[in-house]
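# A structural walkthrough
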Amino acid sequence: MSVRRLAEDFFQPTKFAFTRENERWADKRIALYPAGRQQSAVIPLLMRAQDQEGWISRSVIEYVAEKLSMPYIRVLEVATFYTQFQLAPVGTRAHVQVCGTTPCMLRGAEALIEVCQHKIHHDPLTPNADGTLSWEEVECLGACVNAPMVAIFQDTFEDLTPARLDEIIDEFAAGRGDAVPVGSQNGRKASAAVTGRTTLLEPASPTREPFVSSTPVTAEQSPTAPASAPENSAAPAAPQEPTTAAKPRDVNEDSAPAFKDPGGDSKVSMEKAESERREFDRDHKADGQPNSAMREDATGAESAGGKLGRGRAPGKPKRSAPAAGALSGGTAATDADVESSTGKPDVDTQRLPRRNAKAVQKAADSIERTDNAAKTDIKPTREAGGGPEQGSEDHNRVDGQEPEDK
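Presented here is a report on the structure given in the accompanying data block. (Residues numbered from 1 in each chain as written. Predicted model: local features only at pLDDT ≥ 70, side-chain atom pairs only at ≥ 80, totals over all residues. Heavy atoms only, no water.)

## As for the overall build of the chain
When helices and strands are counted, the chain shows 10 helices and five strands. When each of the 406 residues of the chain is scored for burial, the buried share is 23%. A separation of at least 24 residues holds for 58% of the contacts in the chain among residues at least 6 apart in sequence. Accessible area of the chain: about 29,700 Å², with a carbon and sulfur share of 52%. (Helix = DSSP H or I, 4+ residues; strand = E, 2+ residues; numbered from the N terminus. Buried < 20%, exposed > 50% of the residue type's maximum accessible area, 1.4 Å probe, protein only. Contact = heavy atoms within 4.5 Å. Areas by Shrake-Rupley, 256 points an atom, 1.4 Å probe, with all protein chains shown as cover.)

Set out below in structure tokens:
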């Protein structure tokens, strides 16, 4: 659907006003709405103005907006939204709106459009030569079951064929549009089947009566009926067994316990299951308390495997001190615990017992003295990697001798 805009300025009248009769009608219509809700009458007033003028002009929108104390843009939004409002002059005798939505298109709406192009004008929203007829394609008109259909002003014509629409246009062009029957054009009533009604065949009654079958019931067909019962009276219905129509049809392990144990003999009693559970706990020494210790053969941070090789990585000297708290608190320190790769004590003596702390400190002092003595006796040699390229003359001396002149 294209954008809907107001007509060009040369079509717009200078002013608009309701007739005296329509003015009284509009005041009465507005009074039907509660206080503060009178603006809801915008659609009825616009439709009344279109019936009077034939289309909605800018003057009509301004007049309705002033009468309802509405902003002009609000009335313009309503007028441009609904295709029932014509924003430009249309045919004075008939403006044919052809429904082009899917149901009507599947039932032959394109052929109806061709009829309008041939009988009225090739372009939509363009009146014919004498200005009495015009047409356009619109969205759904609300009677899809009777597709295809058209709307002419406020009436709908359904179940159309190209030939029937041709006849209807001729009737309107001749001024006899009031004689054309509205609704379905193939004889159906409302939206019932073409062959007639198939439901609600009983005549309407103001009182509710029980259903009585028109077929007589014999004693052979209803042995429970009394012998003196009338021939046309209905026998009391036998009580029906409850059905499972409303029960769920899902079959799974929850709704069908037989899926879990179809044998029946292999079911385990509650006492046997409980005894097996206690036996399992006894075999695995489960006392019901959480186990915070690791298994004996584990090599994680809580086991002795983490301290193998004095904490050194294989083949690589350790340059940084181990993380705080790496030792297990409350245990006696060993030589591996005391000495690190740097020869410095890495044990937090505050976390150990006093007797262990003294032993650790004594061992650390002994290691430090031994380390210092070893450093004073060792001097770099050429075989040990010393040489003039290290930038020190002392490195060029071998066993206290002066280097030879080259």
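Don't stop here, the text continues.
## A closer look at the sheet that holds strand β1 (residues 94–99)
Pairing within the open sheet is mixed, and its five strands lie in the order β2-β1-β3-β4-β5. Every interior strand has two partners, whereas the edge strands, β2 (133–138) and β5 (183–184), have only one. Note: strand β4 (residues 155–158) against β5, two bridges, orientation parallel. Bridged to Glu158 within β5 is Ser184. Lying on the sheet, helix α6 (residues 109–119) is in contact with β1, β2 and β3 (149–152); it crosses β1 at an angle near 155 degrees. (Pairing = 2+ DSSP bridges. Axes fitted to C-alpha atoms, helices over the stretch in contact; angles between N-to-C directions.)

## Thoughts on the side chain of Asp159
Mapping Asp159 onto the fold places it in the loop between β4 and α7 (162–173). Its relative accessible area of 9% is what places Asp159 among the buried residues. Of note is the side chain of Asp159, whose polar atom sits 2.6 Å from the side chain of Ser184. If we ignore the near neighbours within four places in the chain, the residues touching Asp159 are Asn146, Ala147, Pro148, Ser184, Gln185, Asn186 and Arg188. (Polar contact = N/O pair within 3.5 Å; in protein donor to acceptor, adjacent residues only side chain to side chain.)

## Some words on the nonpolar core
Val42, Leu45, Leu46, Ile56, Val64 and Val75 are the most contacted members of the largest nonpolar core, which totals 24 residues. Taken together, the elements giving at least two residues each to this core come down to α1 (20–31), α2 (42–53), α3 (58–67) and α4 (72–81). If near-sequence neighbours (up to four positions away) are discounted, Val75 is found in contact with Val42, Leu46, Ile61, Val64, Ala65 and Met70. The next biggest cluster of nonpolar side chains, apart from the first, holds 19 residues, and it includes Val96, Val98, Val115 and Phe157. (Core = buried A, V, L, I, M, F, W, Y, C linked by side-chain atoms within 4.5 Å.)

## Some points on α1
Across its 12 residues, α1 extends 17 Å between first and last C-alpha, which sits within 8% of the 16 Å expected from 1.5 Å per residue. For α1, the complete set of buried residues consists of Asn22, Ala26 and Ile30. Along the axis of α1, the buried positions cluster into a sector of 75 degrees, meaning they face one direction only. Residues Arg20, Glu21, Arg24, Lys28 and Ala31 are exposed on α1 and point more than 90 degrees away from its buried face. Each element contacted by the buried residues of α1 is listed here: α2 and α3. (Expected span 1.5 Å × (residues − 1). Arc of directions from axis to C-beta.)

## Thoughts on the packing of α1 against α2
For the pair α1 and α2, interaxial distance at closest approach is 10 Å and the crossing angle is 165 degrees. The angle between α1 and α2 falls in the class roughly antiparallel. Along this stretch, α1 crosses α2, giving a crossing that reads as right-handed. Counting all contacts with α1, which are made through Asn22, Trp25, Ala26, Arg29 and Ile30, the residues of α2 involved are Pro44, Leu45, Arg48 and Gln52. (Parallel < 35°, antiparallel > 145°, perpendicular 65-115°, else oblique. Left-handed = near helix turned anticlockwise from the far one by under 90°.)

## Some words on a negative patch on the surface
Together, Glu110, Glu114, Glu137 and Glu139 make up a negatively charged patch on the protein surface. Considering the arrangement of structural elements, one finds Glu139 in the loop between β2 and β3. With relative accessibility at 40%, the residue Glu139 sits in the partly exposed group. (Patch = residues over 30% accessible without salt bridge, like charges linked within 9 Å, V, L, I, M, F, W, Y side chains within 5 Å. Salt bridge = Lys/Arg side-chain N within 4 Å of Asp/Glu carboxyl O. Lys, Arg positive; Asp, Glu negative; His and termini not counted. Charge placed at Lys NZ, Arg CZ, Asp CG, Glu CD.)

## Quick notes on unusual backbone geometry
For the bond from Ala147 to Pro148, the omega torsion is -5 degrees, close enough to zero to count as cis. Relative to the helices and strands, Pro148 resides in the loop between β2 and β3. With phi around 50 degrees, Asp159 is a residue other than glycine that occupies positive phi space. Its identity as a non-glycine residue notwithstanding, Ala190 has a phi of 55 degrees, on the positive side. Tracing the chain through its elements places Ala190 in the loop between β5 and α8 (270–283).

## Some words on the packing of aromatic side chains
Within a pair of aromatic rings, the relevant descriptors are the distance that separates the centres and the angle that separates the planes. Enumeration according to the criterion identifies seven aromatic pairs in this entry. Both rings, one in Phe10 and one in Phe11, keep their centres 4.4 Å apart while their planes meet at 45 degrees; by these two values the pair is tilted. Overall, the relative accessible area of 64% leaves Phe10 in the exposed class. Taking relative accessible area as the criterion, Phe11 reaches 38% and is therefore assigned partly exposed. For the pair Phe16 and Phe18, a centre-to-centre distance of 5.5 Å together with 70 degrees between the ring planes defines the contact as edge-to-face. Taking the relative accessible area as the measure of exposure, Phe16 reaches 11% and is therefore buried. Each residue in the set Phe16, Phe18 and Tyr63 is aromatic and connected to the rest through ring pairs, giving one cluster. One cation-aromatic arrangement involves Arg48 over Trp25; the distance from NZ or CZ to the ring centre is 4.4 Å. (Phe/Tyr/Trp six-rings, centres within 6.5 Å; stacked < 30°, edge-to-face > 60°. Lys NZ or Arg CZ within 6 Å of the ring centre and 35° of its normal.)

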